[in-house]
Number of protein chains: 6
Amino acid sequence: MNTPLPRPSGRAADQLRDVRIERGYTRHAEGSVLVSFGDTRVLCTASVDDRVPAFLRGKGEGWITAEYGMLPRSTNTRNDREAARGKQGGRTLEIQRLIGRALRACVDRKALGERTITLDCDVLQADGGTRTAAITGAYVALVDAVRWMQAKRMITTNPVVGAVAAVSVGVYRGLPVLDLDYAEDSDCDTDMNVVMNDGGGFIELQGTAEGHAFRRDELDALLGLAETGIATLIAKQREALAA
Amino acid sequence: MNTPLPRPSGRAADQLRDVRIERGYTRHAEGSVLVSFGDTRVLCTASVDDRVPAFLRGKGEGWITAEYGMLPRSTNTRNDREAARGKQGGRTLEIQRLIGRALRACVDRKALGERTITLDCDVLQADGGTRTAAITGAYVALVDAVRWMQAKRMITTNPVVGAVAAVSVGVYRGLPVLDLDYAEDSDCDTDMNVVMNDGGGFIELQGTAEGHAFRRDELDALLGLAETGIATLIAKQREALAA
Amino acid sequence: MNTPLPRPSGRAADQLRDVRIERGYTRHAEGSVLVSFGDTRVLCTASVDDRVPAFLRGKGEGWITAEYGMLPRSTNTRNDREAARGKQGGRTLEIQRLIGRALRACVDRKALGERTITLDCDVLQADGGTRTAAITGAYVALVDAVRWMQAKRMITTNPVVGAVAAVSVGVYRGLPVLDLDYAEDSDCDTDMNVVMNDGGGFIELQGTAEGHAFRRDELDALLGLAETGIATLIAKQREALAA
Amino acid sequence: MNTPLPRPSGRAADQLRDVRIERGYTRHAEGSVLVSFGDTRVLCTASVDDRVPAFLRGKGEGWITAEYGMLPRSTNTRNDREAARGKQGGRTLEIQRLIGRALRACVDRKALGERTITLDCDVLQADGGTRTAAITGAYVALVDAVRWMQAKRMITTNPVVGAVAAVSVGVYRGLPVLDLDYAEDSDCDTDMNVVMNDGGGFIELQGTAEGHAFRRDELDALLGLAETGIATLIAKQREALAA
Amino acid sequence: MNTPLPRPSGRAADQLRDVRIERGYTRHAEGSVLVSFGDTRVLCTASVDDRVPAFLRGKGEGWITAEYGMLPRSTNTRNDREAARGKQGGRTLEIQRLIGRALRACVDRKALGERTITLDCDVLQADGGTRTAAITGAYVALVDAVRWMQAKRMITTNPVVGAVAAVSVGVYRGLPVLDLDYAEDSDCDTDMNVVMNDGGGFIELQGTAEGHAFRRDELDALLGLAETGIATLIAKQREALAA
Amino acid sequence: MNTPLPRPSGRAADQLRDVRIERGYTRHAEGSVLVSFGDTRVLCTASVDDRVPAFLRGKGEGWITAEYGMLPRSTNTRNDREAARGKQGGRTLEIQRLIGRALRACVDRKALGERTITLDCDVLQADGGTRTAAITGAYVALVDAVRWMQAKRMITTNPVVGAVAAVSVGVYRGLPVLDLDYAEDSDCDTDMNVVMNDGGGFIELQGTAEGHAFRRDELDALLGLAETGIATLIAKQREALAA
């Protein structure tokens, strides 16, 4: 239809930004992916280590963990460098815990053996949705790292059991929309991050209404948008991994 | 019905634990509430300060913030004291950010004026659901602090616009249940924390499925349980505040 | 005699505040005591751990250590949370070192075996004398933890050799007084904390005169008050432990 | 000539790696440059801020400062994230101090006015020579930021007085060579970083011989190589800035 | 008399070590004293600053504060450098708080005006009694700083009202002794640090009995020794200041 | 020649300050040297430890490391104590890394066995050139520690293979000068620290031109001065070690 849309970007309510997944972006990591959701660009690397954290030692299973960071000038105004401030902020910790849980949800940790895969998600350029882009890209980096392990015959069974992707949805000026960019995110009543797997199951839901509470029907509309968006993202991941 | 229930506590699926809200628990704070959800006991104090954080100075509005802590032996095995370790962990930061957002959702910050109310939520004894108990109790402490300000004629308009409460829900051995205790929480596929207001609107939804993804119908059942539970909690708050 | 006394509380110079010792205040710890010296309320828990610090490993003896904290709004105006500031202040470290030394003075560490008992003393409400209340309460929590170990047959000999209690004394407006509350403490020339055992021996003496130096005869009067006060406190401990 | 060369890369002794300078690599910063020295890739952004550090306030001059970081998996094996470890290491501090001094050497700080330009140099991929690439790229980002200020009419005089670039030189298996890559750097007796301006003046020299001390004639050969290399780098900067 | 004494050093029970107070030990500080109690050597500097801490601003009075440190190899085995570990330990904080309180006890802070004098006490060589040597030496450095201020006509009234010195006493193998050295300190049942002024008043008493509690008569004997020792130390300070 | 020289101290351009090396300055360390370059006084201790850092364990070689600190009032105005600030600054880390590399350059680490020698260099009084004095003095402390090990028959081969000393040079008001004091250092265009061994080889060169770039001929003049100065310093070390 041709009715003018209220989204600053001109996108339809259910339209993702341009999503690109570039494998092998850097050379050293076992998996290295540059994922872009429009102007949001996150470098996701997967590093394989032959140790597990202390709480798992001797249990015959592996671990998947994530770290997240934003380059100081990935944003519109410069943020302090967390390494210089001497600690990671609450938002950073919250996001990296989320990424870790999301990725663990698609891994059989027994099949991984006593190894850790660390997913580093570093935001080179931010325009909203960095955590959902990070999860979506980190999944591809994880698969590449697992393929590397298979090529090295470190594992015989593929520990990756299904795919995981994430997208944000929100109510922007009364309209439920998919994949918020920064202009929408900063002027939005409700913001929800949704992580799903390729079986259509929910792995994580995080919805927040700072200003205005959302009703059950709004929630339903948002979940519907997320389901559609994630199906597309999982197709993009598959395509990237087939290349 | 008399079919035996699978919950370790013997509660019905939609049954809250025994909830108590004790006002004036300590003497110095402008609001001081001991909230109990069964064996979970959280001391929530509200402190009024005549300053706002730097980012709000001169804007004519106030701030609501929260801090959360667990006493080292509030839990089954002793946890390191965060003050001694030299930093608050990711879980702590995540919870206190959540509490702050939840309480801000029921406050008109213009009506508060350039003041900060800090909600300290300290867990004396933990048995699951500490963050939802904290939000539920902190709301009552906040109202007491606002009444104190009104009594002192610091404000003329009541800045509290509605009530806020929170509860956890989860899928325990296949059954959607309300208000998880520790025994259920640690053996549960899906865990969701829900914050709602007295208008039935959602303020925050945080659902996590580490092991097993949840379907849309499970989500719907959980949201239904949360709606019922929160309605009861808001009635308990009202009753406590009327005492 | 009936001459009116200058103490803000109306207490006699040698009169303790109302002292209560409530065992089993929380559920998880091996010992858990809420001790009150008037409006000062401190939660003391004792946690048993099957390890000792590195410097004691393999030496066949145990360790007793203490940690101290004040809830941010235990005081008249809110204090910063030490966990959020990222370090324990000098006063905190000084107090927890004192509590640890005091309790070690009544324990045969060989009889304890290679175990650590940690005494967490958290101030829920402060009105002066928190460290002396903490020592007095922690002793009872320690005995409960030892009884728990005996019940579990972890030890055969009782490692607790005598009782320990503490009280503050000071010169308030020229009058030596026992058990200072906050109103006295903040308007007092000399303040002394005294730790003694049930044999009448001194374990720790810490006397400070910021404004005005104290004479030997004042010191003697203060020590006399402390001896009396501690005898009463030790009787209260015994009574609580007999209940 | 066709004699086989000892350099692992097959480069001639006085041959730089392939150097690329890509302006406008990210969108938000006033200057944003991806600089590559072979496989070493550093993202250099310049951020303009209208404040100066406390020690310069009210003095009518500006400041140039730099921060440096390596993404955890920019290297062959993963390094701990400095933000997670809670501090920047000695090497990082040393490098960012060097970058700051180098860039200040080409700026008239009076002409800049009371403003700070921060150069963030983040290593996306490391293969030796990250600090020299960072200085060379940061210069171009700095010029872009100054042009942005000129376009905004924030300044009338160009504060950049000359160009600055840097290169490493070293004695590799007895042969003085230019622009060490990681394979050479890690197997090298002497390693020197040289910063020069476009007038052929030295701004910084840092030569280190951990294993084997270097003679004056070796030093002379290294300085000769550096002079040649830097002349080429300055030509590359000019070319990039003319594009 | 010739009865053999039990002290490892051969000193009489009431005999101080050789005490030296060397003024002007370093050049930059307003007061700079090297104090030796036998082999214990502490460099005490006094620095005058024209600001006061925030809590005193605008109140027309000054502040005296102290910092304490031990060089890593001032002791028999090397201690970690506190600057490298990233924090000052509990013992350090306790000692520097003690030194600050002790010195404030002899200063009229109104007469000082809104200025801070910082006493840095750095142990070059330790052999027991570093805190008491520090207090004794810091007093002399403080007087020198005050004289410097008087010479500069920064103050008209002498803010130093009396002298302060400190000594340790203890029960060594049953015998009350004065001024413990390391050999005695580490093999001692009771250890007490005593700070007094030149009027014979007590400023601080800190007695500790980790192993064995001390009786009132032992305490009396220790206080007697301390009184004698401090009288001698104050005479030494006077002599040094007269030189 | 008799032309008046511009150096504030009246020294000739190639004249070192009065250099003194006092061995056995403190009692506990295996090597303890007070080195003075004029008014710059640095206490250098060498401590032998029977362990090596983790990265060397089991490799049959030792380690030499250094730590550096300035007493807060070693300088003209008081600097914050790094232990109190909670971290070592960039300058400190840079200097201690330099001292460590310099000293490792004269040690055969295989001959040392799996031991660490830590060189603590603490500045008691600063007047420029603290790092070069530290290296020069630490070398002597290192030799003393090695002699102590030989006396204890811990090693049979001398691991010290040659001598190491350091000096600063700079261009002061157009004139290349040797061994800058603070007055020169703070008013100097170019400042270079040079570390050399007794074979005339360069171990470390660190030249900086914040204001004005230096030409190749100035560099040559500076290197010539450094060579002369270091030859003298090495003779002073030899003399001190022969005493």
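Please read all numbers here as calculations on a predicted model, not as lab measurements. (Residues numbered from 1 in each chain as written. Chains lettered and ligands numbered in written order. Predicted model: local features only at pLDDT ≥ 70, side-chain atom pairs only at ≥ 80, totals over all residues. Heavy atoms only, no water.)

## Topic: the UniProt feature "binding site: phosphate" (unreviewed entry) in chain A
All names here are of chain A. Formally: UniProt positions are given in the numbering used here, feature names are shortened, and annotations may be inferred rather than shown by experiment. We count a stretch as a helix when DSSP gives it H or I for four or more residues in a row; a strand needs E for two or more, and each element gets its number in order from the N terminus. Throughout, a residue-residue contact means that at least one pair of heavy atoms, one from each residue, lies within 4.5 Å.
Here the UniProt-annotated "binding site: phosphate" (unreviewed entry) positions come out as Arg91, Gly129, Thr130 and Arg131. Judged by maximum C-alpha separation, these annotated positions cover 41 residues in sequence but sit close together in space, the widest gap being only 13.3 Å. Residue placement: Gly129 occurs in the loop between β5 (116-125) and α4 (130-151). Excluding anything up to four places from it in sequence, Gly129 contacts Arg17, Thr40 and Leu180. Locating Thr130 in the fold gives a position in helix α4.

## Considering the nonpolar core
Applicable threshold: Residues belong to a common nonpolar core when they are buried Ala, Val, Leu, Ile, Met, Phe, Trp, Tyr or Cys residues joined through side-chain atoms within 4.5 Å. For each residue, the accessible area found with a 1.4 Å probe, counting protein chains only, is set against the maximum for its type, and the residue is called buried under 20%, exposed over 50%, and partly exposed in between.
Of all hydrophobic cores here, the largest spans 138 residues; its most connected members are Leu103(A), Leu142(A) and Leu103(B). Other than its neighbours up to four places away in sequence, Leu142(A) contacts Ala46(A), Ile64(A), Leu103(A), Cys106(A), Val107(A), Ile117(A), Leu119(A) and Val160(A).

## Brief notes about the sheet that holds strand β7 (residues 175-178) of chain B
Put simply, the rule is: A pair of strands is treated as paired once DSSP finds two or more bridges between them. Interaxial angle, 0 to 180 degrees, is taken between N-to-C directions of lines fitted to C-alpha atoms, where a helix line uses only the stretch in contact.
One open sheet accounts for 8 strands, arranged β7(A)-β6(A)-β8(A)-β9(A)-β9(B)-β8(B)-β6(B)-β7(B); its pairing is antiparallel. At either end of the open sheet lies a strand with only one pairing partner, and these are β7 (175-178) of chain A together with β7 of chain B. Between one strand and the next, the sheet's axes are offset by a mean angle of 15°, whatever the strand orientation. Where strand β6 (residues 164-172) of chain A lies against β7(A), 4 bridges are found, and the strand directions are antiparallel. The residue bridging Tyr172(A) from the neighbouring strand is Leu175(A), located in β7(A).

## Things to note about helix α2 (residues 90-104) of chain F
The condition is simple: Take the number of residues in a helix, subtract one, and multiply by 1.5 Å to get its expected span.
For α2(F), which comprises 15 residues, the first-to-last C-alpha distance of 21 Å matches the rise-based estimate of 21 Å (1.5 Å per residue) to within 8%. With respect to burial, α2(F) is a largely interior element, 13 of its 15 residues being buried.

## Comments concerning the arrangement of the chains
Separated throughout, chain A and chain E approach each other most closely at a C-alpha pair spaced 11 Å apart. Contact between chain B and chain F is absent, and the minimum C-alpha spacing across the pair is 11 Å.

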